[in-house]
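Take a look at the letters that make up each chain.
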Amino acid sequence: MTRRARLWLFAPAVAGFGALLVWAVAGLPDFGSTEHRYGYLINHVALPERHMTNAVTALVFDYRGFDTLGEEFILFAAVTGIVLLLRQHERERGRGQSDSTHSDVIRVLGILAVGVGVLIGLWLVAFGFVTPGGGFQGGVAVASGVVLVYLAADYRAWSRVGRLGVLEPLEGIGAGGYVVLGLAALVSGAAFLTNMLGPGVAGTVWSGGSAALVNWFAALEVAAANLLLFREFLEEYIVPLHGRGS
Amino acid sequence: MSVLPYVVAVWVCVIGLIGIVTSRNFIHLAICLTLTQSSTYVLLLAVGYVHGGGPPIFKGVKLGTTAVDPVLQSLALTDIVVSVTVLALILALALDVQKQAGTDDPDEVHELSG
């Protein structure tokens, strides 16, 4: 099909689709007028029932933990796909060239930023059931912190941190641990991913019961997956560059 | 104007679709696809908003205080993280096509060999 014909076909289709969507959303309750029942319920029971003050994280890792397991495996599958796609390219191994940062200011501030980034990430994970945060956001923050090693230092420093021998097992443990916790609940006679170990003390890092462990495994999975992603793309980009002797 | 936020979501979705169809570059195409996906976040969060509602976090706030819907927030939250990975997968595919077909224009790739 030519480009022109495709656009002629697409124009009425997208106009119709847009009109249908507008018609559909026009029938929704007025913006901000309704407290939907499920959300209202969670907002009122998450604290008394599970001692979690953050209703969003309570949903992600407890009430809808099974749904999040699915999301996690989309993440896992996507990263596996990326690794498979990118690693089939032949990579020239070139070492010895230097792409290190020459500015002392960037080095010092960069290394500080690594610490701060990782710390903020861990804090987001640890207090996920208390204040805004959780495994997903915290995992991304930890990964961003670690990636700064490359910005602040050089490829060689990064390749010592982002080793495959470390990242791949960590990602596996993150994804697998989530399932194991779900199965552990099954073995104990409850439903898959039932929150065990008691609700803990509300408003502290000791709240959340076994969902807190689920939270940590998810954080591990998200952080390792993102670092693996960064590693694969960087290898794709920087290793041939090194090989050419830049 | 009470449906305006929903219409914004529709707008973002449609703009993304137009971008996908008219795209002349795989990276541009991937970003447009992500834009369409992001329209669902606008819709979800708009549906979950409650007038006068605070965040659904009850640390230092009395239980029972009006808060926005946490369900839709949790749906958007996990998907934002996952969508970035999926975008990366699409970009890896684009990189692969570029290496095999020597072009990054979807119109010039007629047949893909394995």
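This text follows the structure it describes.
Residue numbers here run from 1 along each chain, matching the order of that chain's written sequence. Each chain takes a letter, starting from A, and each ligand takes a number, starting from 1, following the order in which they are written. Only residues with pLDDT of at least 70 are given local features in this predicted model, and only at 80 or more are side-chain atom pairs given and counted; all residues enter the totals for whole chains, interfaces and linings.

Focus: the overall build of chain A
Thought 1: Counting secondary structure elements, chain A contains nine helices and zero strands.
Thought 2: A radius of gyration in this sense is built from C-alpha atoms; the matching globule rule multiplies 2.2 Å by the number of residues raised to 0.38. Rg of the C-alpha trace for chain A: 23 Å, well past the compact-globule value of 18 Å for 246 residues, more than 25% over.
Thought 3: Overall size of chain A, expressed as C-alpha extent along the three principal axes, is 60 × 60 × 40 Å.
Thought 4: By the convention adopted here, residues make contact when the C-beta atoms placed from their backbones lie within 7 Å. Considering only contacts within chain A whose residues lie at least 6 apart along the sequence, 72% involve residues at least 24 apart. A run of DSSP states H or I qualifies as a helix once it reaches four residues; a run of E qualifies as a strand once it reaches two. Both are numbered from the N-terminal end.

With respect to the nonpolar core
Thought 1: Residues enter a nonpolar core if they are buried, belong to Ala, Val, Leu, Ile, Met, Phe, Trp, Tyr or Cys, and are joined to the set through C-beta atoms within 7 Å. Exposure is read from a count of other C-beta atoms within 10 Å of each residue's own; the residue is exposed at 12 or fewer, buried at 20 or more and partly exposed in between. C-beta atoms are placed from the backbone. Residues Val149(A) and Val222(A) are the most contacted members of the largest nonpolar core, which totals 79 residues.
Thought 2: A total of 15 residues in this core trace back to one element, the largest contributor, which is helix H9 (residues 210-243) of chain A.
Thought 3: Apart from the residues within four sequence positions on either side, Val222(A) is in contact with Leu75(A), Gly135(A), Phe136(A), Gly139(A), Val140(A) and Val81(B).

As for unusual backbone geometry
Residues and elements named next belong to chain A.
Thought 1: The backbone phi angle of His 51 is positive, close to 60°, even though this residue is not glycine.
Thought 2: Topologically, His 51 is positioned in the loop between helix H2 (37-50) and helix H3 (55-63).
Thought 3: On the basis of neighbour counts, which here come to 21 C-beta atoms within 10 Å, the residue His 51 falls in the buried class.
Thought 4: Unlike most non-glycine residues, Leu 193 shows phi in positive territory, near 65°.
Thought 5: Summarising the element assignment, Leu 193 is placed in the loop between helix H8 (164-187) and H9.

Digging into H3(A)
Thought 1: Most of H3(A) sits inside the fold, with nine of its nine residues counted as buried.
Thought 2: For H3(A), the set of buried residues is Ala55(A), Val56(A), Thr57(A), Ala58(A), Leu59(A), Val60(A), Phe61(A), Asp62(A) and Tyr63(A).

Re the packing of helix H5 (residues 104-126) of chain A against helix H6 (residues 135-152) of chain A
Residues and elements named next belong to chain A.
Thought 1: The axes are straight lines fitted to the C-alpha atoms, using for helices just the contacting stretch, and the angles between their N-to-C directions are given from 0 to 180°. Where H5 meets H6, the closest approach of the two axes is 7 Å, and the angle between their N-to-C directions is 165°. The angle between the axes of H5 and H6 places the two elements in the roughly antiparallel class. Crossing angle aside, the handedness with which H5 passes H6 is left-handed.
Thought 2: Looking at the contact of H5 with H6 residue by residue, the class counts come to 16 nonpolar, nine polar and one charged. Orientation categories follow fixed angle ranges, with anything under 35 degrees roughly parallel, anything over 145 roughly antiparallel, 65 to 115 roughly perpendicular, and all other angles oblique. What makes a crossing left-handed is the near helix being turned counterclockwise from the far one by less than a right angle; a clockwise turn instead makes it right-handed. Polar here means any residue outside two lists: the nonpolar Ala, Val, Leu, Ile, Met, Phe, Trp, Tyr, Cys and Pro, and the charged Asp, Glu, Lys and Arg; Gly therefore counts as polar.

Quick word on the interface of chain A and chain B
Thought 1: At the interface, 50 residues of chain A touch 43 residues of chain B.
Thought 2: Its residues assigned to classes, the side of chain A that touches chain B shows 29 nonpolar, 14 polar and seven charged.

Remarks on the environment of Gly53(B)
Residues and elements named next belong to chain B.
Thought 1: On the secondary structure map, Gly 53 appears in the loop between helix H2 (26-48) and helix H3 (70-101).
Thought 2: Gly 53 gets classed as partly exposed once you count the C-beta atoms within 10 Å, which come to 17.
Thought 3: The sequence separation of Gly 53 and Ile 90 amounts to 37 residues, and the corresponding C-alpha distance is 38 Å.
Thought 4: Sequence-distant contacts of Gly 53, that is, excluding residues within four places in its chain, are made with Thr 66, Ala 67 and Val 68.

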